[in-house]
Amino acid sequence: MDHSDHSDHAGHAGHAAAGTGAVGGASWGMAVKATLHCLTGCAIGEILGMVIGTALLWGNVPTMALAISLAFVFGYSFTLFAVRRAGLDWRSAIKIALAADTVSIAVMELVDNGIIALTPGAMDAHLSDGLFWYALLGGFAVAFLITTPVNKWMIGRGKGHAVVHSLH
């Protein structure tokens, strides 16, 4: 979700109303935007971690640990810096980022890394191997498809990415 303009507080009410159904659910569009926001941070961290670990010839476990750690760091940082721009202090911003993104990032990382781990040869592929990139990008695609309904369910209940909507 684009958090670049937080000055339109009046627009938040319309955004929330348009994104919810008659029974208080979230729209698929809102869930897709939240998932794309999460995927962007996760992908940057994940790719960076996989590239670093692979380039340094690290083993599979430390490479995945680095990739997952960086996915969380980058995933949280996108929300953290957006809510900081909206005027929140560091402590409040960290709480919001953790509440907004933890479940989404965790589901995305579980699915994405599960696919990479289960793709024959992907964990041993090098940066120059197509299999490395196909498994990584394919994992992101599947993770997006699985995480979007999770985010829709959470946003519809005022959880997950919904906690940042008051800052728009």
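Residues numbered from 1 in each chain as written. Predicted model: local features only at pLDDT ≥ 70, side-chain atom pairs only at ≥ 80, totals over all residues. Heavy atoms only, no water.

A separate point is a nonpolar patch on the surface. A cluster of nonpolar side chains, Phe81, Trp90, Ile94 and Leu98, forms an exposed patch at the surface whose accessible area comes to about 390 Å². With 3 residues, helix α4 (residues 90-118) is the largest single contributor of residues to the nonpolar patch. Take isoleucine 94: its relative accessible area is 40%, and that puts it in the partly exposed class. (Patch = residues over 30% accessible without salt bridge, like charges linked within 9 Å, V, L, I, M, F, W, Y side chains within 5 Å. Areas by Shrake-Rupley, 256 points an atom, 1.4 Å probe, with all protein chains shown as cover. Salt bridge = Lys/Arg side-chain N within 4 Å of Asp/Glu carboxyl O. Helix = DSSP H or I, 4+ residues; strand = E, 2+ residues; numbered from the N terminus. Buried < 20%, exposed > 50% of the residue type's maximum accessible area, 1.4 Å probe, protein only.)

Time to look at the packing of helix α2 (residues 28-55) against helix α5 (residues 130-156). Where α2 meets α5, the closest approach of the two axes is 8 Å, and the angle between their N-to-C directions is 145°. Once α2 is placed against α5, the crossing between them reads as right-handed. Of the residues belonging to the contact of α2 with α5, the class tally is 18 nonpolar, 5 polar and 2 charged. (Axes fitted to C-alpha atoms, helices over the stretch in contact; angles between N-to-C directions. Left-handed = near helix turned anticlockwise from the far one by under 90°. Nonpolar A, V, L, I, M, F, W, Y, C, P; charged D, E, K, R; others polar.)

On to the packing of aromatic side chains, then. Evaluation of the coordinates by the stated rule reveals 3 aromatic pairs. Look at phenylalanine 81 and tryptophan 90: their rings are 6.1 Å apart centre to centre, the planes differ by 85°, and that puts the pair in the edge-to-face class. Taken together, a centroid distance of 4.8 Å and an interplanar angle of 80° make the contact between phenylalanine 132 and tryptophan 133 edge-to-face. Positioned above the aromatic ring of tryptophan 28 is the side chain of lysine 152, whose terminal nitrogen or guanidinium carbon lies 5.0 Å from the ring centre. (Phe/Tyr/Trp six-rings, centres within 6.5 Å; stacked < 30°, edge-to-face > 60°. Lys NZ or Arg CZ within 6 Å of the ring centre and 35° of its normal.)

For helix α3 (residues 60-85), with 26 residues, the first-to-last C-alpha span of 37 Å sits near the 38 Å given by 1.5 Å per residue. If you check which residues of α3 are buried, you get Thr63, Met64, Ala67, Leu70, Ala71, Gly75, Tyr76, Ser77, Thr79, Leu80, Ala82 and Val83. Contact partners of the buried residues in α3: α2 and α4. One or two steps after α3, the chain reaches glycine 87, where phi turns positive at roughly 105°. (Expected span 1.5 Å × (residues − 1). Contact = heavy atoms within 4.5 Å.)

Counting 31 residues, the largest nonpolar core has Cys42, Met50, Val83, Met108, Ile116 and Leu136 as the members making the most contacts within it. Only α2, α3, α4 and α5 provide two or more residues apiece to this core. Sorting elements by how many residues they give to this core places α4 first, with 9 residues. Within the second largest apolar cluster, 5 residues are counted, among which are Ala26, Met30, Ala34 and Ile155. (Core = buried A, V, L, I, M, F, W, Y, C linked by side-chain atoms within 4.5 Å.)

With 27 residues, α5 extends 39 Å between its outermost C-alpha atoms, agreeing within 8% with the 39 Å of an ideal straight helix rising 1.5 Å per residue. By the largest-angle criterion, threonine 147 marks the main kink of α5, which is about 25°, and a proline, proline 149, follows within four residues. (Bend = angle between axes of the 7 residues up to and from the residue.)

The next thing to look at is the confidence of the model for the protein. When pLDDT is averaged along the protein, the result is 83; 83% of the residues meet or exceed 70. Note on residues 1-23: pLDDT is under 50 here. Beyond four places in sequence and across chains, it has 36 contacts. (pLDDT = per-residue confidence, 0-100.)

This next bit is on the packing of α2 against α4. Their axes nearest at 10 Å, the elements α2 and α4 cross at an angle of 50°. Between α2 and α4, the crossing angle belongs to the class labelled oblique. The handedness of the crossing between α2 and α4 is right-handed. Each of Thr35, His37, Cys38, Leu39, Cys42, Glu46 and Met50 in α2 lies in contact with α4, whose residues at this interface are Asp101, Ser104, Ile105, Met108, Glu109, Asp112, Asn113 and Ile116. Residue composition of the contact of α2 with α4, by class: 7 nonpolar, 4 polar and 4 charged. (Parallel < 35°, antiparallel > 145°, perpendicular 65-115°, else oblique.)

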